[in-house]
Amino acid sequence: MININSTFKIALRALWVNKMRSFLTMLGIIIGVGAVITMLAVGTGASEKISQQIASIGSNLIIVFPGSITQGGVRMGAGSQSTLTIDDAEAIEKECSAVSAVAPVLNTAAQVVYGNQNWATAIFGTTPGILRVKDHELTAGRNFIDQDIRNSTKVAILGQTVVENLFGGMDPIGQIIRIKKVPFTVIGILGPKGQSLMGQDQDDIIYIPVTTAQKKIAGRFVPGMVRSIMVKGRSAEDMPLAEKQVTDLLRQRHRTGLNKEDDFTVRNLTQMMQVAEQAANIMTILLGAIASISLLIGGIGIMNIMLVSVTERTREIGIRMAIGAKTWDIRIQFIIEALTLSLIGGILGIALGITGSSVLSVFTGWTTIVSALSIVLAFGFSGLVGIFFGFYPAYKASRLNPIDALHYE
Amino acid sequence: MSLIETKNLSKFYYVGDNIVRALENISISIAAEEFVAIMGPSGSGKSTFMNLIGCLDQQTEGDYLLDGKSIGKLNKDELAEIRNQKIGFVFQGFNLLPRTSALENVELPLLYNHIMGKEKKQRALQALKKLGLEGREDHHPNQLSGGQQQRVAIARALVNNAPVILADEPTGNLDTKTSTEIMELFVQLNKDFQSTIILVTHEQEIANFSKRIIRFLDGHIVSDQQVST
């Protein structure tokens, strides 16, 4: 077979002769590759955003809510009944092997005052476990200790948004804030988390000991009761087991009869997020597949123009055959010509895709991520399209009869 | 030993139910270094004969030995290789590749013979020089006169050192003066470089440059005589 290098040169020259035609043919591939890269960038961006949110709410997270109460046949919503206690939380931590951290939560909203500043925020009465459950780090100060819970000390850990709104640039550690007129000492500051999937600001929060919340903040709440219990599983694989262990333990502790309904609800948050992530991945594949169709149509354009080219150059093919070109010499020449078209189109398409993704991101505010894999994939695919759709015209060229080809006008 | 030998060579075409006997029982022998003109009116079978001799086509019956090798049973790629190495074609319409320099046109047979790089270029330049085309190697066919184009084509036919030059109406597109020049070139190639030349023509003046004239009519040879000088 003849030298590939000189074949590329011949191909480039042949394409250069019909600049406009070659460019229009390439345009199909350019748009196809550009579309594939842009669509994959949108899809990858979406699933990346969801993964970030999974990480931000805390991985392997289960939330237990109290059950609903039924009053005269009317069932109230979840949490309408107070069935969960701090003791339940402690029991889960002690007895469930698939659980790595537990935090009871007694939350309420309240006005917080510091000096002449005030701010409405969410108050979470909880235990030291909350930081591990939510994968939350402290940027300054300390976590609660068991003593804070036992003695109901008036200490608070603030989220970033609260710090900004109450303290501006000041250091809040050691300062006294008032929550519902009760003074609390700030002992720690949480690292930033950003928005949750639902658009909630996860930094607009104050943690205080759960016991303090029960006595001073939550008002007329049944002593020992909490609004929810957050549970962190040991690993993603252990999540179903953790869910079962928590359910079994709580049924046992609440003495729920065999055929009776749970008086609580277990929700696996991570699982919900993973479903969302899967959906985003499916969307990515779908978008990519739809975009690939345009690449395929670009390939048909290449085949079309190569067939025209073979007809136009019948005489050249005849000359080459008379001079000694073999079947594969002719085939390789035309396949390489198609490949050159599709690869140049591919390179320009990559540029278009990268530009398109950033433009789209600017105008829609979506996160778009152009991955190296999508570039390699799109480029490789365009090469395959070139070879695939170049083969038939090349095959046709190689089947010409040299005598007829030489006398073709 | 003959360079070209045919034994009862026949070529039939089937058009519907009819058999067209383009060539029938041609037995001929051409030795190395001969300069032969093939003559005959159109439809006489001379083109069919050329195609067979040039390994562009294969016979229906009989046998054709080129340089002692039987051609009849070879496949397409084997024929291409024989053409590349044994036969240099010169056509009426020059048949140079357009938009391709004279040098690259002459390099073409070497390309298909897997001769690469420096050697390829040198041999092509040498062939051009032999034809008096020094300094024209970068010219494209449309920048050359008809006579020059035909000389590039002859250089291309010579570059692979093929033992047989097959010229099909090589002066058909040229004026009288240039035709004479080209024919004198063939005479010189035959004399100085011992090239075997087979020339197809319908013009007696052109055929007169050769040493032997074979005349075809209706698929048969009607005469085969040496030209007296």
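Here, the structure is the one placed above.
Structure report, in brief. Computed from a predicted model, the values in this text were never measured in an experiment.

## With respect to the overall build of chain B
Right, on to step 1. The helix and strand tally for chain B stands at seven helices and 10 strands.
Right, on to step 2. When the backbone C-alpha atoms are referred to their principal axes, chain B occupies close to 50 × 40 × 40 Å.
Right, on to step 3. Each of the 229 residues in chain B was classed as buried or not, and the buried ones make up 46%.

## A word on the interface of chain A and chain B
Right, on to step 1. With 18 residues of chain A at the interface, the matching set in chain B holds 19 residues.
Right, on to step 2. Among the secondary structure elements, those contributing two or more residues to the side of chain A that touches chain B are α1 (4-17), α10 (314-323), α11 (327-364) and α13 (402-406) of chain A.
Right, on to step 3. Considering every element that reaches the side of chain A that touches chain B, the biggest residue donor is α10 of chain A, with five residues.
Right, on to step 4. Considered class by class, the residues forming the side of chain A that touches chain B number 10 nonpolar, four polar and four charged.

## Observations regarding the nonpolar core
Right, on to step 1. Core analysis: the biggest nonpolar cluster contains 119 residues, and Ile 38 and Ala 155 of chain B have the highest contact counts within it.
Right, on to step 2. Here this core takes 15 residues from helix α2 (residues 19-57) of chain A, the largest share from any one element.
Right, on to step 3. Setting aside residues no more than four positions away along its own chain, Ile 38 of chain B makes contact with Lys 46, Phe 49, Met 50, Ile 198, Leu 199, Val 200, Ile 214 and Phe 216 of chain B.
Right, on to step 4. By size, the runner-up hydrophobic cluster in this structure holds 53 residues, among which are Val 162, Val 163, Leu 190 and Val 210 of chain A.

## Considering unusual backbone geometry
Most of the time, phi is negative for any residue but glycine, and the peptide bond is trans.
Right, on to step 1. In the Ramachandran plot, Lys 180 of chain A falls in the positive-phi region, its phi being about 50° despite a non-glycine side chain.
Right, on to step 2. Within the secondary structure, Lys 180 of chain A sits in the loop between β8 (176-179) and β9 (182-190).
Right, on to step 3. The phi angle at Phe 94 of chain B is positive, at roughly 65°, despite the residue not being glycine.
Right, on to step 4. Structurally, the position occupied by Phe 94 of chain B is in the loop between β6 (87-90) and α3 (102-111).

## Concerning the pairing of strand β10 (residues 220-226) of chain B
Residues and elements named next belong to chain B.
Right, on to step 1. Of the pairings in the sheet, the one linking strand β9 (residues 212-217) to β10 comprises six bridges and is antiparallel in character. Within β10, the residue paired with Ile 213 across the bridge is Gln 225.
Right, on to step 2. Linking β9 to β10, which pair antiparallel, is a turn of two residues; within it Asp 218 sits at a positive phi near 50°.

## What to know about the environment of Lys 211 of chain B
Right, on to step 1. With respect to the helices and strands, Lys 211 of chain B occurs in the loop between α7 (204-207) and β9.
Right, on to step 2. Excluding its chain neighbours within four sequence positions, the residues that come into contact with Lys 211 of chain B are Glu 34, Phe 35, Gln 226 and Val 227 of chain B.

## Regarding the sheet that holds strand β1 (residues 2-15) of chain B
Residues and elements named next belong to chain B.
Right, on to step 1. Read across the sheet, four strands follow the order β2-β1-β4-β5 without closing on themselves; strand pairing throughout is antiparallel. Whereas interior strands pair on both sides, the edge strands pair on one side only; in this sheet they are β2 (18-31) and β5 (69-70).
Right, on to step 2. Pairing analysis gives five bridges linking β1 to strand β4 (residues 61-66), with the strands arranged antiparallel. Pairing of Ser 10 across the sheet is with Glu 61, part of β4.

Reading the values: rules and limits
- Residues numbered from 1 in each chain as written.
- Chains lettered and ligands numbered in written order.
- Predicted model: local features only at pLDDT ≥ 70, side-chain atom pairs only at ≥ 80, totals over all residues.
- Helix = DSSP H or I, 4+ residues; strand = E, 2+ residues; numbered from the N terminus.
- Buried ≥ 20, exposed ≤ 12 C-beta atoms within 10 Å, placed from the backbone.
- Contact = placed C-beta atoms within 7 Å.
- Nonpolar A, V, L, I, M, F, W, Y, C, P; charged D, E, K, R; others polar.
- Core = buried A, V, L, I, M, F, W, Y, C linked by C-beta atoms within 7 Å.
- Pairing = 2+ DSSP bridges.

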